[in-house]
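For reference, the chains in residue letters:
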Amino acid sequence: MRKYLLLVLALVLVVSFTAVGFAQDKTEITVAAGSVGKELELTQKAAQMYMEENPDVKVNVLSTPDLANDRLGLYLQFLEAKSPKVDVYQVDVIWPGDLAQHFIDLNEYGAEKVADNHFQEIVQNNTVNGRLVAIPWFTDAGLLYYRTDLLEKYDRKVPETWSELQETAKYIMEEERAAGNPDFYGYVWQGNAYEGLTCDALEWVFSNGGGTIVSPDKKITINNEKAIEAIDMAAGWVGDISPTGVTGMGEEDARKMWEAGNALFMRNWPYAYTLGNADTSQIKGKFDVAPLPAGDSGSSAATLGGWNLSVSKYSEHPEAAADFALFLASEKVQKMRAIEGSFNPTIKSLYQDEEVLEAVPFFGKLYEVFTNAVARPSTATAPKYNQASEIFFQGVHSVLTGESDATTAVQYMELDLKDLLGYETGEPRQP
Ligand code: GLC
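Because the structure is predicted, anything quoted here is derived from the model rather than measured. (Residues numbered from 1 in each chain as written. Predicted model: local features only at pLDDT ≥ 70, side-chain atom pairs only at ≥ 80, totals over all residues. Heavy atoms only, no water.)

Undergrad: I'm lost on helix α3 (residues 68-80) in this one. Help?
TA: Because each turn of an α-helix spans 3.6 residues, side chains separated by three or four positions in sequence point in the same direction. With 13 residues, α3 extends 18 Å from end C-alpha to end C-alpha; this agrees with the ideal 18 Å at 1.5 Å per step. Here α3 has its buried residues at Ala 68, Asn 69, Arg 71, Leu 72, Tyr 75, Phe 78 and Leu 79. Of the residues trailing α3, Lys 82 is marked for its positive phi of about 50 degrees. (Helix = DSSP H or I, 4+ residues; strand = E, 2+ residues; numbered from the N terminus. Expected span 1.5 Å × (residues − 1). Buried < 20%, exposed > 50% of the residue type's maximum accessible area, 1.4 Å probe, protein only.)

Structure follows, in structure tokens:
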């Protein structure tokens, strides 16, 4: 028995030393990635796929906060300290201009060969002073989620204007409450004071002819009647068709309420589609998506969102990190993420892929929404977009909570944006 124990012990030692030996030989890289919905699970799956193909590399996945501003705060701690702890960053479409100085030029690591397959607007967005600082990973656009069963039950159509949305939301909400669901609301969206509110509010304002806060030719345009009207309209929803608590909601809060069956409409990104149809969702098979309603300008507007992959200048393994980033952004991984998580590819050909279209039919049906989405003014305000956006969402939030009125709020936004950017005022850009 003793002999046997000694043998086992010897074996364990050999195995663990070998493991350490292997671990030391491996190049270890870390990717900072999102955890919204199925994001983390799918990034871990892709990392596993990569490690199987590249046994000499170990990939760690670092989960980061859900709200874009919190995530940026964490990234800045690493980047400003020039830390090599994170090699690959999942970067919001609005950040390349603000963060470019911290990232390598991926064209020097093979991205040139694949960049043409991606949407060119995103490649351009990610090219700062001729350097490709991020490879596109998935794109996003704001969508209207609606309950097909309830619209049918009450014989209503999918709203095409904000006034129709308001009217239908109010009517069905009251009927459903009377029928015994006191927690039912008409419309949930992103009303917390963070980047998500900038996205939602840009949709209200732009669809009403109120422009893009700062125009592409660097004029501050937010102080206008159409913008005031649009922000006032949304403030009117709070505590009416939307819960008072909507002013504290991010994407995931809205999604949870929606999946519990407590909302008729939701504004969210495409990722909520797969999750809404999961077995855990109360509304599986009872919803669909459409373009967001139009305002007085007659056009529906979806804010352009999305995420990209950048390699840190402070990485100790830029070659391996860039190779992994290009793998994540490759057709194979984008296809897997489209099918399993309804994450929109940035590779054009995947919108014609039968398996993708079968899993997520609206990628084909709403293709125009994705290609015509309205960009936030991140290029026009770089490298100060984050501060400019904060001025906007804080101002809008103060109107939603009733601390300010929209006329005063846009005046302050204009003044603060002038101080920050030093730009002149101008006429809003029209759709
Ligand atoms: C989504 C979008 C991103 C946006 C964020 C705001 O993740 O893809 O671009 O900044 O939502 O909450």
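Undergrad: Is there a simple way to think about the side chain of Ser 281 in this case?
TA: Position of Ser 281 among the secondary structure elements: in the loop between α12 (272-276) and β10 (287-290). Residues contacting Ser 281, with those up to four places away along its chain left out, are Glu 259, Leu 275 and Gly 276. (Contact = heavy atoms within 4.5 Å.)

Undergrad: Hey, could you run me through the packing of aromatic side chains in this one?
TA: The relative placement of two aromatic rings is captured by the distance of their centres and the angle of their planes. Counting across every chain of the model gives 27 aromatic pairs. A connected cluster of aromatic rings, assembled from ring pairs, spans Phe 119, Tyr 145, Trp 258, Tyr 273, Phe 287, Tyr 351, Phe 362, Phe 363, Tyr 367 and Phe 370. The side chain of Arg 177 reaches across the aromatic face of Tyr 185, ending 4.6 Å from its centre. Across from the ring centre of Trp 269, 4.2 Å away, lies the NZ or CZ of Arg 267, which sits over that ring. (Phe/Tyr/Trp six-rings, centres within 6.5 Å; stacked < 30°, edge-to-face > 60°. Lys NZ or Arg CZ within 6 Å of the ring centre and 35° of its normal.)

Undergrad: Mind showing me how you'd approach the layout of surface pockets here?
TA: Take a probe with the size of a water molecule and roll it over the atoms, and the empty space left behind shows itself. Here the largest pocket is characterised by a volume of approximately 660 Å³. Around the largest pocket, the lining is made up of 26 residues, and of these Glu 121, Leu 304, Ala 373, Val 374 and Ala 375 lie nearest the centre. Among the secondary structure elements, those contributing two or more residues to the lining of the largest pocket are α6 (120-125), α17 (367-371) and α18 (378-381). In terms of residue count, the dominant contributor to the lining of the largest pocket is α6 (four residues). Looking at which domains feed residues into the lining of the largest pocket, each of domain 1 (2-133 + 305-371) and domain 2 (141-303 + 375-431) gives three or more. (1 Å grid on protein atoms, 1.4 Å probe; cavity = no way out; pocket = protein on both sides within 12 Å on 5 of 7 lines; lining within 4 Å. Points joined across faces, edges and corners; volume = space filled by probe spheres on them. Domains from an automatic or database assignment.)

Undergrad: Honestly, the pattern of salt bridges in this entry has me stumped. Any pointers?
TA: Oppositely charged side chains may form a pair once their charged atoms are brought near each other. What the rule picks out here adds up to 18 salt bridges. Ionic pairing is found between Asp 200 and Arg 267, a salt bridge with its closest N-O pair at 3.3 Å. Taken as a pair, Asp 200 in helix α9 (residues 195-207) and Arg 267 in strand β9 (residues 263-268) lie far apart in primary sequence, 67 residues in all. Comparing Asp 200 with Arg 267 shows no difference in burial state: the two are buried. In this structure, Lys 365 engages Asp 288 in a salt bridge whose closest nitrogen and oxygen atoms are separated by 3.5 Å. With Lys 365 in helix α16 (residues 362-365) and Asp 288 in strand β10, this pair connects stretches of sequence that are 77 residues apart. Through salt bridges with shared partners, one network takes in Asp 92, Glu 195 and Arg 376. (Salt bridge = Lys/Arg side-chain N within 4 Å of Asp/Glu carboxyl O.)

Undergrad: Can you walk me through the domain arrangement of the protein in this structure?
TA: How big an interface is tends to be reported as the loss of accessible area on association of its parts. For the protein, the assigned domains read domain 1 (2-133 + 305-371) and domain 2 (141-303 + 375-431). Placing the centre of domain 1 and that of domain 2 at their C-alpha centroids yields a distance of 30 Å. In this complex, domain 1 contributes 29 residues to the contact, which on the side of domain 2 involves 30 residues. When residues of domain 1 are sorted by the area they lose upon contact with domain 2, Asn 69, Ile 94 and Asp 98 head the list and together hold 25% of the total. Across the contact surface, domain 1 and domain 2 share two salt bridges. The partner of Asp 92 in a salt bridge is Arg 376, and the shortest N-O contact between them spans 3.9 Å. Among the elements of the structure, α3, α4 (96-99), α14 (331-341), α16 and α17 are those that each provide at least two residues to the side of domain 1 that touches domain 2. The residue makeup of the side of domain 1 that touches domain 2, split by class, is 15 nonpolar, eight polar and six charged. (Buried area = accessible area lost by both parts, 1.4 Å probe. Nonpolar A, V, L, I, M, F, W, Y, C, P; charged D, E, K, R; others polar.)

Undergrad: Can you walk me through the nonpolar core in this structure?
TA: Nonpolar side chains in soluble globular proteins generally cluster together in the buried interior. By size, the foremost hydrophobic cluster in this structure holds 87 residues, and its most contacted members are Tyr 187, Trp 204 and Ile 222. Here this core gets eight residues from one element, more than from any other, and that element is helix α10 (residues 225-237). Here this core spans two domains, and each of domain 1 (2-133 + 305-371) and domain 2 (141-303 + 375-431) adds at least three residues to it. Non-local contacts of Trp 204, meaning those with residues more than four positions away in its chain, are made with Trp 162, Trp 189, Leu 197, Ala 230, Met 233, Ala 234, Trp 237, Val 396 and Leu 400. If you look at the next biggest cluster of nonpolar residues, it comprises 58 residues, including Ala 32, Leu 42, Leu 106 and Trp 137. (Core = buried A, V, L, I, M, F, W, Y, C linked by side-chain atoms within 4.5 Å.)

Undergrad: I keep staring at the site of the ligand and nothing clicks. Help me out?
TA: Around the ligand, the neighbouring residues are Asp 92, Ile 94, Asp 140, Tyr 194, Glu 195, Gly 196, Glu 251, Trp 269, Gly 305, Gly 306, Trp 307 and Arg 376. A distance of 2.8 Å separates an oxygen atom of the ligand from a polar side-chain atom of Arg 376. Relative to its free-state accessible area of 310 Å², the ligand is covered by the protein chains to the extent of 92%. Here the ligand occupies the largest cavity. When residues of the shell around the ligand are traced back to their parent elements, those giving at least two are α9 and β11 (304-311). A total of three residues in the shell around the ligand trace back to one element, the largest contributor, which is β11. (Near = heavy atom within 4 Å. Polar contact = N/O pair within 3.5 Å; in protein donor to acceptor, adjacent residues only side chain to side chain. Areas by Shrake-Rupley, 256 points an atom, 1.4 Å probe, with all protein chains shown as cover. Sits in = over half its atoms within 2 Å of the grid points.)

Undergrad: So what exactly am I meant to see when it comes to helix α20 (residues 406-421) here?
TA: In this model, α20 (16 residues) spans 22 Å end to end at C-alpha, consistent with the 22 Å of a helix rising 1.5 Å per residue. Its side-chain oxygen placed 3.2 Å from the backbone nitrogen of Thr 407, Asp 405 serves as the N-cap of α20. Positioned one or two residues after α20, Gly 422 has a phi angle of 70 degrees, which is positive.

Undergrad: Would you mind going over the sheet that holds β9 with me for this structure?
TA: Overall, mixed pairing links the four strands, which are arranged β8-β9-β7-β10 in an open sheet. The open sheet has two edge strands, β8 (185-188) and β10, and neither has a second partner. The sheet shows a mean angle of 15 degrees between the axes of neighbouring strands, direction not considered. Looking at chain direction, β8 and β9 are connected through three bridges and run parallel. Bridge pairing in β9 places Val 188 opposite Met 266. (Pairing = 2+ DSSP bridges. Axes fitted to C-alpha atoms, helices over the stretch in contact; angles between N-to-C directions.)

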